[in-house]
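One letter stands for each residue in the lines below.
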Amino acid sequence: MPAFRSIRSQILALVFGTLVAMGLGVVTSVNLMADAQIEKALRQDLRNAKNVLASVISAEGEHLTQQVHLVAELPSIKSVVAKKDHAAIDAAVDDYRPKMGVSALIVIDGFGHVLGESGADLPLGLVAEFKGIQPWKNGQQHIGLALLKGKPYVTATTAIKGQSGKVLAYLTAANALEEELAQTISRSVGTELVFVRDDHVVASSMGGVNAVLMRPDEQNRVTVNGVAHLGMFDSFPQSEDLPGVGFIALKPVDQARAPYQRFVLLLTMSILVATLVSIVVAIIFARYLTTPLKGILDAARALRLGEWPQPFNSSRSDEFGLLERTFDEMSESLRESRQRLIEMVRLDPLTELANHRTFQEKLELECHRADETGARVSVMMIDIDRFGAYNRVHGREAGDRLLVEVARLLQQSLPQKALVSRYQSDVFGVVLPEVSAVNGCVLAKEVLDRVGTKSGTSLSIGVAEFGTDASRPELLILAAELATSRAKQLGRSRWVRFQASENGGDTPLELQQFLANGSYATIRALAEAVDAKDPYTNGHSHRVATYAAALAREIGSEEEFVELVFMTGTLHDVGKIGVPDSILKKATALDGDERAIMEQHPVFGEKIVSQVPTLAETVPGVRHHHERWDGRGYPDRLKGFTIPLMARILALADTWDAMTSDRPYRKGLQWDVARAEIEKGAGTQFDPTLVEPFLRSLPAQRPSESPGQAAA
């Protein structure tokens, strides 16, 4: 029962996966909520620390203000400042700084230059580094934060005035924000503090982190002394002019998460227990659900093996009973329709004749039998003339009725052993076992007389025999199709037996070789055989290929395309093998009917080269080399750039060789005259963008050799 175990596994997997997903979702949600609460608490600690810092800075500033104001009023200070005696000023502030108990005492003039200092280690004359504190701008007292040598200080500044009340200089007292202050505030708010400037530690409530780079990641995590902490940054109070200066509130991650760990652990254990209980229930339910399906599975396996299972005849009233009764009905329905389905696969649904696939299989079978026993087999291709026009005039439904009627009459008119099929939309294929081509032509005449008359339509029929006309089934079909095309050329409503010449005898050796192996070499030999029929066109295909390749190379084509153009030029007139010799060798101009037949040679050529997979890329050139730029060419009346590039190249090369070669009814044109004719045809007969490159690619003058020599 591996299949049922699979179903049970799927049910268990579904239950287990759902529970695990739900459990993970709950645990994740709780963890996210815990993280949010931790962040909220840390943010509150940050606010508390900032409030304490603000109070400390304010109290310290007021204390410094009182002290600095008293010192600034001393006559000794005013005296040395008034004299601008830097040594005396340094000595005075050195004397008063320890008495005031401050970190630094500095005298600054109205332009911010240091006149004297103690504890700051600032050279005289240097612009003061008290970023954000410029008391000389308003002459008032100032309390705030400043940077001195990169460290934050609480500062108080007041003016030193002379007897007239004029401001002589400014006295600034500064106390650094040291670790002692960080530790005091840390104890007050219950979190560690680190004073930083541009991510570098200035002071800390923790030991061993001085001068350490302090930079929280995207999750506000930072490692201090190897311990992961959560950290948040805020600027110092009154430090708007000091970017990057502030403090970080830190709390160890384990300590922050400790209140929530127990809850998360209990929740996880509860989910695991619930999952185990649910799996047990799911196992029981899956077994209950799948066991009744065993009989249905066995029956389905029997159907798969082509056997018919015993009916269930179920009396159950639940869903399983309904399923068993439905399966019985389905089995019976399948039994009744199986034969119909088999027939439908092999029949055309409209005409109920054998379809294309059945035709191919039957032909292959009969050809194989003919090879082994020497029996004869022929093929008849029957094309309804102008069926497309009939559909356009009378409508598709009328066309379908005509197809059905022709199919019925064909079955009545042909021997019982014959397989009549709908080969294509308006083409019927007939396999004639034990029938020679001669007898096939007799049958074709009877079909024309009976089917054509009774259906009121015109038929073109081609007949070919296996062994005589072709040595492979697919080439036998091609031979019959070529014969059908010949019948259409000759005026339709007739039958034609496949033959490549009008001699009525054996097929030429070259065509027989092509039908035997379908290679490029044999098709090329076939094309050369066409040229050889007329001494005036001998070597034509080779010359066209040479001219065309030269043009392709002139316009910058890849060498691979140049070679393809040369190959296509060699084969471009291969379809003339299907044109009667009387037309091909006619010494005078062709009449209308003869020209119509001649204009079908590109179509014949396409059918021939399309039988060789390696020549598929030559088809556009073979079929369309007689199209014109203005749309008046043949066989498809393509226009402009809708004509494939290869065909536009061949059109120039083919026309040039035709104009410059001798014919029975005229001499070849002089090259200068032919050049003028090519230029004249630009934009009408030829692609105007190719005319100039083509003329450049030609030799300077007509080759001296004769057509026969050129061919050699």
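See the structure printed just above.
Below, the structure is looked at part by part. Quick caveat: nothing in here was measured; it's all calculated off a predicted structure.

Moving on, we come to unusual backbone geometry. Here Tyr-634 and Pro-635 are connected by a cis peptide whose omega angle stands at 10°. Along the polypeptide, Pro-635 turns up in the loop between helix 20 (619–624) and helix 21 (645–660). A positive phi is found at Arg-386, a non-glycine position, where the angle reads about 55°. For Arg-386, a relative accessible area of 54% puts it in the exposed group. A positive phi angle, close to 70°, is found at Arg-492, a residue other than glycine. For Arg-492, a relative accessible area of 25% gives the class partly exposed.

This part covers the packing of aromatic side chains. Tallying each qualifying case throughout the model produces four aromatic pairs. Judged by centre distance (5.2 Å) and plane angle (75°), the ring pair of Phe-359 and Tyr-423 falls under edge-to-face. Residue Phe-359 is located in helix 8 (residues 356–373), and its partner Tyr-423 is located in the loop between strand 12 (419–422) and strand 13 (427–433); the two are separated by 64 residues in the primary sequence. Neither Phe-359 nor Tyr-423 differs from the other in exposure class; each is buried. The interplanar angle of 85° and the centroid separation of 4.9 Å between the aromatic rings of Trp-629 and Phe-641 together place this pair among those described as edge-to-face. Remark: Phe-641 occurs in the loop between helix 20 and helix 21 and Trp-629 occurs in the loop between helix 20 and helix 21; sequence separation between them is twelve residues. Across the ring face of Tyr-96, the terminal group of Lys-99 is positioned such that the distance to the ring centre comes to 5.3 Å.

A few words on a negative patch on the surface. A cluster of like negative charges, contributed by Glu-558, Glu-560, Glu-563 and Glu-617, occupies part of the molecular surface. Mapping Glu-617 onto the fold places it in the loop between helix 19 (601–609) and helix 20.

An order of 7-6-10-9-8 is seen for the five strands of this open sheet, with the pairing classed as antiparallel. Both outer strands of the open sheet, strand 7 (200–204) and strand 8 (221–224), are each paired with one neighbouring strand and no more. Across the sheet, the axes of successive neighbouring strands diverge by a mean angle of 40°, strand direction being ignored. Of the pairings in the sheet, the one linking strand 8 to strand 9 (residues 227–235) comprises four bridges and is antiparallel in character. Bridge pairing links Val-222 to His-229 in strand 9. Across the sheet, helix 4 (residues 179–189) touches strand 6 (192–197) and strand 7, and the angle it forms with strand 6 is around 140°.

Take helix 21 next. For helix 21, with 16 residues, the first-to-last C-alpha span of 23 Å sits near the 22 Å given by 1.5 Å per residue. With respect to burial, helix 21 is a largely interior element, 14 of its 16 residues being buried.

Right, let's get into the pattern of salt bridges. The tally for this structure, following the rule as stated, stands at 23 salt bridges. Among the salt bridges present, the one from Arg-369 reaches Glu-434, with a minimum N-O distance of 4.0 Å. Taken together, the positions of Arg-369 in helix 8 and Glu-434 in the loop between strand 13 and helix 11 (437–455) put the pair 65 residues apart, joining distant regions of the chain. Judged by relative accessible area, Arg-369 falls into the partly exposed class, the value being 31%. Residue Glu-434 is classed as partly exposed on the basis of its relative accessible area, which comes to 48%. Two residues, Glu-559 and Arg-553, come together in a salt bridge whose shortest N-O distance is 2.9 Å. In this structure Arg-553 comes out as partly exposed when scored by relative accessible area, which is 45%.

Rules behind the numbers
- Residues numbered from 1 in each chain as written.
- Predicted model: local features only at pLDDT ≥ 70, side-chain atom pairs only at ≥ 80, totals over all residues.
- Heavy atoms only, no water.
- Helix = DSSP H or I, 4+ residues; strand = E, 2+ residues; numbered from the N terminus.
- Buried < 20%, exposed > 50% of the residue type's maximum accessible area, 1.4 Å probe, protein only.
- Phe/Tyr/Trp six-rings, centres within 6.5 Å; stacked < 30°, edge-to-face > 60°.
- Lys NZ or Arg CZ within 6 Å of the ring centre and 35° of its normal.
- Patch = residues over 30% accessible without salt bridge, like charges linked within 9 Å, V, L, I, M, F, W, Y side chains within 5 Å.
- Areas by Shrake-Rupley, 256 points an atom, 1.4 Å probe, with all protein chains shown as cover.
- Salt bridge = Lys/Arg side-chain N within 4 Å of Asp/Glu carboxyl O.
- Lys, Arg positive; Asp, Glu negative; His and termini not counted.
- Charge placed at Lys NZ, Arg CZ, Asp CG, Glu CD.
- Pairing = 2+ DSSP bridges.
- Axes fitted to C-alpha atoms, helices over the stretch in contact; angles between N-to-C directions.
- Contact = heavy atoms within 4.5 Å.
- Expected span 1.5 Å × (residues − 1).

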